[in-house]
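The lines below spell out each chain.
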Amino acid sequence: MNCSEIEDKLSAYLDGLLHDDERNNVEKHCAECIRCRHSLEELERTKNILGELDEVEPPSWLTERVMSRIREKEEARGWLKRLFLPLRVKVPIEALAMVFVAVLSVYIYRSTVTDIDRFDRPPEGPLASATRSVPEKTQAARVGKEDIEKGREPGQKEKKIGAPAAKPQGPALKEIPGPPSQVAQQDNAVRTETPGRGGPPFALEKRAVPGSLKDERVSPAAIPPSPAETERFKAKAMAAREEQISEYRAAASGSAQGGSIRITVKARNVPDTLSKVRGIMTALSAREVRERTENDSTVISCLMDPKVIPELKDRLAAIAPGTEGPARSIGSGDAAPQRVEIVVIKDPRDP
Amino acid sequence: MSNNRETDGKGTLDEDSRYVALCNSGEPQAFEVLVRRHQKKMFNIAYRMTGNYDDAADIVQDSFLSAYKALKTFRGEAKFSTWLYGIVVNHARNRIRYTSGKKYHEPVSLDGDPSDESGLKSIEARSGDAPVIDMLVRKETQEKVQRCIDRLEKEHREILVLRDIQGFSYEEITVMLGLAEGTVKSRLSRARAAIRESFKKVFGDL
């Protein structure tokens, strides 16, 4: 062993940690090497100096200070314990919390479902408004009709007029014709109000009603008495009414669904027409195509590029001459896909 | 060498465990016994590591509080005292690190008031009837030794305090510092060599 190796072992030698042979080597080397022996002596002296350091007395208040801090901590913890740990308090609090969470969940769920229902339900409100406004507009027509269709009881008429509030496409509505002037005015009034994207359908109603009412009140005197003319007026009125209803529905649907276009297709052969409509939609790259049944009609809705909507209307008109839709495409200038609803109904003129 | 090794005896160890169990069963008063029993050694570890009396008092308080909070985690794998001293070493280490940016130890004039903050007022006189001159020389020597310790690296300082001043065994030191025994041996060897050189500068030839 050289001096460097011995130097490394001196500390362990002092602590008596070396094995016998190592210890013998160190002792033998130090006996011969003055430098290493001196180093060992210095190290021993160093160790003794450190070991001879007196102990320092801690401050007399130390124990009390420590215990006081511990007591403070215990008191704080004890207060919390008293509040929460006894089961007589903890369990009821937990139970109340559970009930509260459950009630809150049910409340949130119900309010959410109500909102969803409001959007999923067929656009009842505007339609009801539309049908409510229809009798007002046709007050004069009714007078005329009473003259034409004698033998009907007034009560029956009231019932039929009131009933379509929920079902605007019912027969009672179809049986309410108006005189030509009134029909034309109604037609114009409604047509000028193309449902805008998300526009309020009620505005449409308000603007459409007054003008027509004014004219209607003066129109009964001009009703043609001949049966042929009556039949013609009746047919025109029916067509106008159906168009009006589909416009209203489109408006209502637009407000609820963010501006959709509703096109009514009157089909002689409904299944065949449906099949053709599906084909057209596929050809025009319609997306999210869904079908549902509303009363006696089938509604196919889809998302479609606004640019192809005129073509869609043309194609639908080709397969069903009675196709009716808005005068212009809603948001046709937009690049965003447009929601289109195609209502296929049985053509009432078809025998 | 310090003479309060009795706390490491087996009887005390068993009593420590008993008081620990009492504390854990909801009797915090039992902790006072443990504080009284170990505070002096803890204080000396902290004082020798930091060289500052007030800091040592703070460190010991914090260490006891930490120990009290963690008492339930003490599983008795090591002696309670070893566990406790490990906590105080850790707190002292943190304090040194915290104050390392500052000038930590103010130089103490030997001509100054002996009852200043250097901790000399608390040093026990070895013998009540020792001549005053001997006491002063002894105080001076001890102060110089402490200054030599303060100049050491943190790792060397703590291992010298634990082994050569407090007299803990290698096994205890490995537990307190979380080091392997070989590391403790080599570090202690380097620490002793370092302080020897420091002593030689302060005292001349040893």
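Residues numbered from 1 in each chain as written. Chains lettered and ligands numbered in written order. Predicted model: local features only at pLDDT ≥ 70, side-chain atom pairs only at ≥ 80, totals over all residues. Heavy atoms only, no water.

Caption draft 1: Layout of the overall build of chain A. Regarding its fold elements, chain A presents 14 helices and four strands. Taking all 351 residues of chain A together, the buried fraction comes to 43%. For chain A, the share of sequence-separated contacts (at least 6 apart) that also reach a separation of at least 24 residues comes to 75%. In the structure as shown, chain A presents an accessible area of about 19,300 Å², 56% of it carried by carbon and sulfur atoms. (Helix = DSSP H or I, 4+ residues; strand = E, 2+ residues; numbered from the N terminus. Buried < 20%, exposed > 50% of the residue type's maximum accessible area, 1.4 Å probe, protein only. Contact = heavy atoms within 4.5 Å. Areas by Shrake-Rupley, 256 points an atom, 1.4 Å probe, with all protein chains shown as cover.)

Caption draft 2: Geometry of the environment of Ala336(A). Residue and element names in this part refer to chain A. By the secondary structure assignment, alanine 336 is in the loop between helix H14 (309–319) and strand S4 (338–346). Accessibility expressed as a relative area gives 39% for alanine 336, which makes it partly exposed. With 33 residues separating them in the primary sequence, alanine 336 and leucine 303 have C-alpha atoms 9.4 Å apart.

Caption draft 3: Representation of the nonpolar core. Among the nonpolar cores identified, the biggest contains 59 residues, and Leu50(A), Phe31(B), Phe43(B), Ile45(B), Phe64(B), Leu162(B) and Ile195(B) are the most heavily contacted of them. Among the elements that make up this core, the one with the highest residue count is helix H2 (residues 30–50) of chain B (ten residues). Look past the residues within four positions of Ile195(B) in its chain and what remains in contact with it is Thr46(A), Leu50(A), Cys148(B), Ile149(B), Leu152(B) and Leu160(B). Core analysis: the next-biggest nonpolar cluster, separate from the first, contains 22 residues, Ile261(A), Ala286(A), Ala320(A) and Val344(A) among them. (Core = buried A, V, L, I, M, F, W, Y, C linked by side-chain atoms within 4.5 Å.)

Caption draft 4: Spotlight on the side chain of Arg187(B). Within the fold, Arg187(B) resides in helix H8 (residues 181–203). Within the buried set, Arg187(B) has no salt-bridge partner at all; the shortest N-O distance to an opposite charge, 4.2 Å, is to Glu158(B). (Lys, Arg positive; Asp, Glu negative; His and termini not counted. Salt bridge = Lys/Arg side-chain N within 4 Å of Asp/Glu carboxyl O.)

Caption draft 5: Structural view of helix H5 (residues 132–150) of chain B. With 19 residues, H5(B) extends 27 Å between its outermost C-alpha atoms, agreeing within 8% with the 27 Å of an ideal straight helix rising 1.5 Å per residue. Inspection of H5(B) places Gln142(B), Glu143(B), Val145(B), Gln146(B), Cys148(B), Ile149(B) and Asp150(B) among the buried residues, and these make up the whole buried set. (Expected span 1.5 Å × (residues − 1).)

Caption draft 6: Examining the environment of Val66(A) more closely. Along the chain, Val66(A) falls in helix H4 (residues 62–84). On the accessibility criterion, Val66(A) (0% relative accessible area) is buried. Ignoring anything within four residues of it in the chain, the contact list for Val66(A) reads Val35(B), Gln61(B), Phe64(B) and Leu65(B).

Caption draft 7: Geometry of the confidence of the model for chain B. All names here are of chain B. Averaged over every residue, the pLDDT of chain B is 83; residues scoring 70 or more account for 79%. Per-residue pLDDT, averaged within each element of chain B, yields its smallest value for helix H1 (residues 10–24) (77) and its largest for helix H3 (residues 53–69) (96). Contacts of residues 1–10 to residues separated by more than four positions or lying in other chains number 28 contacts, the stretch itself having pLDDT below 50. Under a pLDDT of 50 for its full length, residues 106–122 has, in the predicted model, 21 contacts with residues more than four places off or in other chains. Predicted complex, confidence summary: ipTM 0.80, pTM 0.49. (pLDDT = per-residue confidence, 0-100.)

Caption draft 8: Representation of the packing of aromatic side chains in the model. Residue and element names in this part refer to chain B. Under the counting rule described, the total for this entry stands at nine aromatic pairs over all chains. Arranged with centres 5.0 Å apart and planes meeting at 70°, the rings of phenylalanine 31 and tyrosine 68 form a pair that is edge-to-face. Residue phenylalanine 31 is located in helix H2, and its partner tyrosine 68 is located in helix H3; the two are separated by 37 residues in the primary sequence. For the pair phenylalanine 31 and tyrosine 68, a shared accessibility class is recorded, and that class is buried. When the ring of phenylalanine 199 is compared with that of phenylalanine 203, the centres are 5.8 Å apart and the planes differ by 65°; the resulting orientation is edge-to-face. Taken together, the residues span about one helical turn, with phenylalanine 199 and phenylalanine 203 both in helix H8 at a distance of four residues. Its relative accessible area of 0% is what places phenylalanine 199 among the buried residues. By relative accessible area, phenylalanine 203 is classed as partly exposed at 29%. One cation-aromatic arrangement involves arginine 18 over tyrosine 19; the distance from NZ or CZ to the ring centre is 5.0 Å. In this arrangement the basic side chain of lysine 41 is found over the ring face of phenylalanine 168, its NZ or CZ atom lying 4.9 Å from the centre. (Phe/Tyr/Trp six-rings, centres within 6.5 Å; stacked < 30°, edge-to-face > 60°. Lys NZ or Arg CZ within 6 Å of the ring centre and 35° of its normal.)

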